[in-house]
Structure formats: structure tokens, C-alpha cells
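Fold and geometry: a report
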Amino acid sequence: MAISAAIGTPLETCLAQAVEANPALKDAAAVIRAIAGSAVEISALIGRGALGGDLAAAGDHNSDGDVQKALDVIAHESVTAALQGAPVAEVASEEAEEVMRLNPDAPLAVAIDPLDGSSNIGVNMAVGMIFGIRPSIKDPANPLASFTTPGTAQIAAGFVTYGPATALILTLGDGTQSYVLDRAEGVFRLTSPAMSVPASAKEYAINASNARHWDAPVKAYIEDCQRGTEGPRDKDYNMRWLASLVADIQRVLTRGGVFLYPGDARKNYARGRLRLLYEVAPVAMLVEQAGGAATDGQTRILDLVATGIHERAPLVCGSTEEVDCVATYYAGGKPDAGRSPLFGQRGLMRS
Ligand SMILES: O=P(O)(O)OC[C@H]1O[C@](O)(COP(=O)(O)O)[C@@H](O)[C@@H]1O
Ligand SMILES: [Mg+2]
Ligand SMILES: [Mg+2]
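If you're wondering where the values come from, they're calculated on a predicted model, not measured in any experiment.

What follows deals with the nonpolar core. Formed by 45 residues in total, the largest nonpolar core has its most connected members in Leu83 and Phe131. Of all the elements, helix 2 (residues 26–47) adds the most residues to this core, at nine residues. Ignoring any residue separated from it by four or fewer positions in sequence, one finds Leu83 in contact with Val31, Ala34, Ile35, Val88, Val91, Leu102, Asn103 and Val110. Within the second largest apolar cluster, 43 residues are counted, among which are Met195, Leu245, Ala284 and Ala294.

The subject of this paragraph is helix 3 (residues 70–84). Its 15 residues give helix 3 an end-to-end C-alpha distance of 21 Å, which sits within 8% of 21 Å, the value for a rise of 1.5 Å per residue. Buried residues along helix 3 sit in contact with helix 2, strand 2 (67–69), strand 3 (88–93), strand 4 (100–101), strand 5 (108–116) and strand 6 (127–135).

Moving on: the coordination of the magnesium ion (ligand 2). Every protein donor of the magnesium ion (ligand 2) is listed here as Asp113 (OD), Asp116 (OD) and Glu279 (OE), and their distances to the metal cover 1.8 to 2.1 Å. In the primary structure, the donors to the magnesium ion (ligand 2) are separated according to the pattern D-x2-D-x162-E. The distance between the magnesium ion (ligand 2) and the magnesium ion (ligand 3) is 3.7 Å, with Asp113 acting as a donor to both metals. The class for Asp113 is buried, based on a relative accessible area of 0%.

Our focus in this paragraph is the pattern of salt bridges. Applying the stated criterion across every chain yields a total of 16 salt bridges. Of the charged contacts, one joins Arg273 and Asp66 as a salt bridge, the two residues approaching to 3.5 Å between their closest N and O atoms. Of this pair, Arg273 sits in the loop between strand 13 (258–261) and helix 6 (276–289) while Asp66 is found in the loop between strand 1 (58–61) and strand 2, placing the two residues 207 residues apart along the sequence. Residue Arg271 pairs with Asp296 through a salt bridge whose shortest N-O separation is 4.0 Å. Here Arg271, found in the loop between strand 13 and helix 6, pairs with Asp296, found in the loop between strand 14 (293–295) and strand 15 (315–318); they are 25 residues apart in sequence, far enough to count as distant. Assessed through its relative accessible area of 15%, Asp296 is described here as buried.

Right, let's get into the side chain of Asp264. Looking at the secondary structure, you find Asp264 in the loop between strand 13 and helix 6. Residue class for Asp264 comes out buried when judged on its relative accessible area of 5%. Among the polar contacts listed, one links the side chain of Asp264 to the side chain of Arg266, at a separation of 2.7 Å. Not counting residues up to four positions away in its chain, the partners in contact with Asp264 are Asn210, His213, Trp214, Tyr269 and Ala270.

Definitions and limits used
Residues numbered from 1 in each chain as written. Chains lettered and ligands numbered in written order. Predicted model: local features only at pLDDT ≥ 70, side-chain atom pairs only at ≥ 80, totals over all residues. Heavy atoms only, no water. Core = buried A, V, L, I, M, F, W, Y, C linked by side-chain atoms within 4.5 Å. Buried < 20%, exposed > 50% of the residue type's maximum accessible area, 1.4 Å probe, protein only. Helix = DSSP H or I, 4+ residues; strand = E, 2+ residues; numbered from the N terminus. Contact = heavy atoms within 4.5 Å. Expected span 1.5 Å × (residues − 1). Donors = N, O, S within 2.8 Å, 3.2 Å for Na, K, Ca; no water. Salt bridge = Lys/Arg side-chain N within 4 Å of Asp/Glu carboxyl O. Polar contact = N/O pair within 3.5 Å; in protein donor to acceptor, adjacent residues only side chain to side chain.

The structure is reproduced here in C-alpha cells:
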């Protein structure tokens, strides 16, 4: 149910209200409480900066080939320890090669990116944590069973941004809410009961250094955004790229825009960089619940089914007008049709 509490209401009260309205959410609420507890701990550590030690110290490689930084491992250990005390049977974590089995009889499974935006560790920039909660499917022969369902199976999803403020963005399947950590009390408090992504926007987020590797439709779309009022989109765009999915998506959820991490021609990047289970699917649910859209360029993300826990998926999400426009380019269409004949490069009114 949509949260109807006043701004400043503690997360605990909002969760209790949601469970009262829909008792089926009781276990998901317990998982969210556990994750929020870990986030309070990690937020305090990140807030100490270099005084907390070298959080960027390089360790082993994870299963996706990324170097694990000290904070990646600390966050993984903190959140999986918290989930031990929650009704969770399986965890798919970015920092564990295989599915982790916690409480075998528990009803839920959690996919988690314990520390998102790792390239920003150690440089005082925003990082975060992403999670999606699904029903646990008891199949002793297949540890992946709980995670090989479409994203629509998610009961709840959220992310935490450790930025200037520590924020929790959450959906229980009926709207997207934001909370901010009240550091004095150590509790998250409601700041928006219903986030809403504007349908149209003039801001895009993409790692432009990969432009030469992009597919033709992405290249054409970004080039037309860059042509501004002189091109078929007939409006001037701004670009923002924080290299921290949580922070980029929080901006899109707050003021609109489009985020793209498409597939590209680099080795192992045919399906982009982001992982379907613990990055793309939770973000897609949050964005859709806020009125936006999320596709892989053409197909709705929440209809995709993973076949492995670290499988990647391209992501195009945010304001519906932009996400639909990207799909038009993928379908080989041209956005010229919607453009006023009076303006733009070839328009009558351009000097
Ligand atoms: O370095 P790139 O290619 O710009 O990729 C940045 C993207 O990679 C990520 O850092 C991947 O997440 P992890 O840090 O959890 O591996 C996203 O947060 C971000 O959007
Ligand atoms: Mg990540
Ligand atoms: Mg990560």
C-alpha cells in the first residue's frame, strides 16, 4: 500500500503501517529492517572517511572480475550478517560467487549489491547499496531457483545512497518512498511518501567515454540529444554521470532524466556492465513504481529472467518520454515526426 505517513515518520512506523494494511509484507519488512540496520553501520564508517582506514584498499577479484575494495568486503559481511537474523533462505551477493544459503526454511531470497559505485570509494563521493527481495523457491537441486524468475516476482526493492545525506529509497510494490537517515537518532525518516519521475526531461546520464563502442541506436540517440534545439529532439540537454548507479538513479527519481548503461562492443560488455539481479531489476522496480520506465533498450526489464546470479543486462531507465524515444531508435525509427517544423536546424524560425 502507498505510505500515508507524515514527513519525518520513522521507517519502523511506516513498515508497521504497511504490514498492518497487508500482512503478507511482514517478512519483507523484517528483511528491510535488517538491511537498514546494516546501512546505519556502513554509513557511520563511510562518514569517517580516511579516518576509518583505507576503505579503497584493493583485495581479491570478485566473480565478475572487479577488484574487491576493502569497503566492498566490509559491506558484504555487514549486510549478510544482518540477513542471518532475518527470514531469508538465500542471498545472491555481488561479492559471493555462488548463492549463499542462510535459513533454509525461511520464505524469502535477497539479491544484493552490498556496495555500489566502488570506483567512488576513497574519493569522498557517493556510493550505496542495492537490494531486491523475492520469494524463496525451495528446490534443493537448483540453488538458483529463487533468482531465475522475472523481476516482476520482486516483492520489494530498494537502495541506499551514502551521499551528503544517507538516503533509503524503497518500494513495497505500491509507490516508491524516500527516507533520510537521522544521524542523531540512528533511524531513517520518511522524506517523500510518493516519488514521481517527470514524464519528460532534458538530462541524460551515460559514460560518454565509451561512445566509440556503443551500438548505432545509442550513438544516434545521444548525438541527437547533443544537437539540442538544432536537432530532432528540439530541446537542449544537460549531462550528468556520477559513476554510482544509486546516486544517478536517485537524481532521476527526484527530477527526471534518463540513465543509460547500454551493451557495447567491448569484450564482455555485450550486455553492458550492470548486473540484472542485484542492480538492474531492483532499480527498474523502483523507477516503475515512481511512474518512470525501465528497459534494456527495447524490452521491459522486469520481464527479463536471469540464468546466472552475476548475469548482466543493459539498462535504459527514467522519464518515460526518453525511454520510449530510445526504443524508437532501437526499432530503427526517427523522432523527427514529433518536431515542430518552425524550429530546429532546418526550421523556418532559426536564424
Ligand atoms: O565505471 P563505469 O563503466 O562508468 O561504470 C559505472 C557503473 O558501475 C558501477 O559502479 C557498478 O557497480 P559496482 O561498483 O557495484 O560494481 C555502477 O554503480 C556505475 O553506474
Ligand atoms: Mg553496483
Ligand atoms: Mg558493488
